[in-house]
Amino acid sequence: MNCPQCKGYQLEPKELEPGLVAGSCSKCQGALVSLMNYRFWADQQETTKASAEETDVVEAEDNKKAQVCPKCSKLMTKFQIGADSSNRLDLCTGCDEAWLDNGEWKLLKQMDLADKLPKIFTDAWQRNIRLERQEKIHKNRYEKLLGEADFVKLDAFKQWLDQHPEQGQIKQYLITNLDSK
């Protein structure tokens, strides 16, 4: 199979982890991972945590262009990895193959997601990323409006209020103004 990014380069077998073989490009260092093989490999593994040497900042590339599946030539779909990462993984939904750009496997390991690869491609995962990002935007807006010190107090109060069994009554109290001024 040819690399979906590099013209004229063949994908060669390469172990991402012991027992996890992917098709890798010698030029761009990208890797095509069969999710069927990945699931088999993941079932054989214990939960893996990033080692001390892998906790450094990982430089992972992210190809912004649409990828074509090297197996079936269909366009691959891009999926966000997480709310704090701009990297996106490419998936061929027809072949169940994922394309990882150079450094993205290390990034997944660093983010403690190497054992959750198929979950990244689910609607629920993508929806949670969107909700996390919306919440950050919402909080940043109020932090800029109120200032950091006041926002910290407000956020702590909101967390307390969200858990309180009488939150409806407390909200009613807060919005009621008996003063006609």
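Conventions adopted
- Residues numbered from 1 in each chain as written.
- Predicted model: local features only at pLDDT ≥ 70, side-chain atom pairs only at ≥ 80, totals over all residues.
- Heavy atoms only, no water.
- Helix = DSSP H or I, 4+ residues; strand = E, 2+ residues; numbered from the N terminus.
- Expected span 1.5 Å × (residues − 1).
- Disulfide = S-S within 2.5 Å.
- Buried < 20%, exposed > 50% of the residue type's maximum accessible area, 1.4 Å probe, protein only.
- Patch = residues over 30% accessible without salt bridge, like charges linked within 9 Å, V, L, I, M, F, W, Y side chains within 5 Å.
- Areas by Shrake-Rupley, 256 points an atom, 1.4 Å probe, with all protein chains shown as cover.
- Salt bridge = Lys/Arg side-chain N within 4 Å of Asp/Glu carboxyl O.
- Pairing = 2+ DSSP bridges.
- Axes fitted to C-alpha atoms, helices over the stretch in contact; angles between N-to-C directions.

## A few points about helix H4 (residues 123-146)
Between the first and last C-alpha of H4 there are 35 Å, a value that for 24 residues agrees with the 34 Å anticipated at 1.5 Å per step. Just past H4, the residue glycine 147 takes up positive phi, approximately 95°.

## Remarks on the environment of valine 152
Topologically, valine 152 is positioned in helix H5 (residues 148-163). The spatial distance from the C-alpha of valine 152 to the C-alpha of methionine 1 is 54 Å, given a sequence separation of 151 residues.

## Remarks on the state of the cysteines
Simply put, the disulfide is a covalent bond whose two ends are the sulfur atoms of two cysteines. All chains considered together, the criterion is met by zero disulfides. Counting only cysteine sulfurs, cysteine 28 is the nearest neighbor of cysteine 6, a cysteine outside any disulfide, at a range of 3.7 Å. Free cysteine: cysteine 72, not disulfide-bonded; nearest cysteine sulfur from cysteine 95 at 3.5 Å. For cysteine 72, a relative accessible area of 30% gives the class partly exposed.

## Side note on a nonpolar patch on the surface
A surface patch of nonpolar side chains, about 880 Å² in accessible area, is lined by Leu145, Leu146, Leu154, Phe157, Trp160, Tyr173, Leu174 and Ile175. Put simply, the parts of the chain that give the nonpolar patch at least two residues each are H4, H5 and helix H6 (167-175). Turning to its location among the elements, phenylalanine 157 is positioned in helix H5.

## Here's the deal with the sheet that holds strand S1 (residues 11-17)
In spatial order, the strands read S1-S2-S3-S6-S5-S4; together these six strands make up an open sheet with antiparallel pairing. One side of each edge strand has no neighbouring strand; the edge strands of this open sheet are S1 and strand S4 (77-80). This sheet shows a mean twist of 35° between the axes of neighbouring strands, independent of strand direction. Bridge analysis of S1 against strand S2 (residues 20-25) gives six bridges, and the strand direction is antiparallel.

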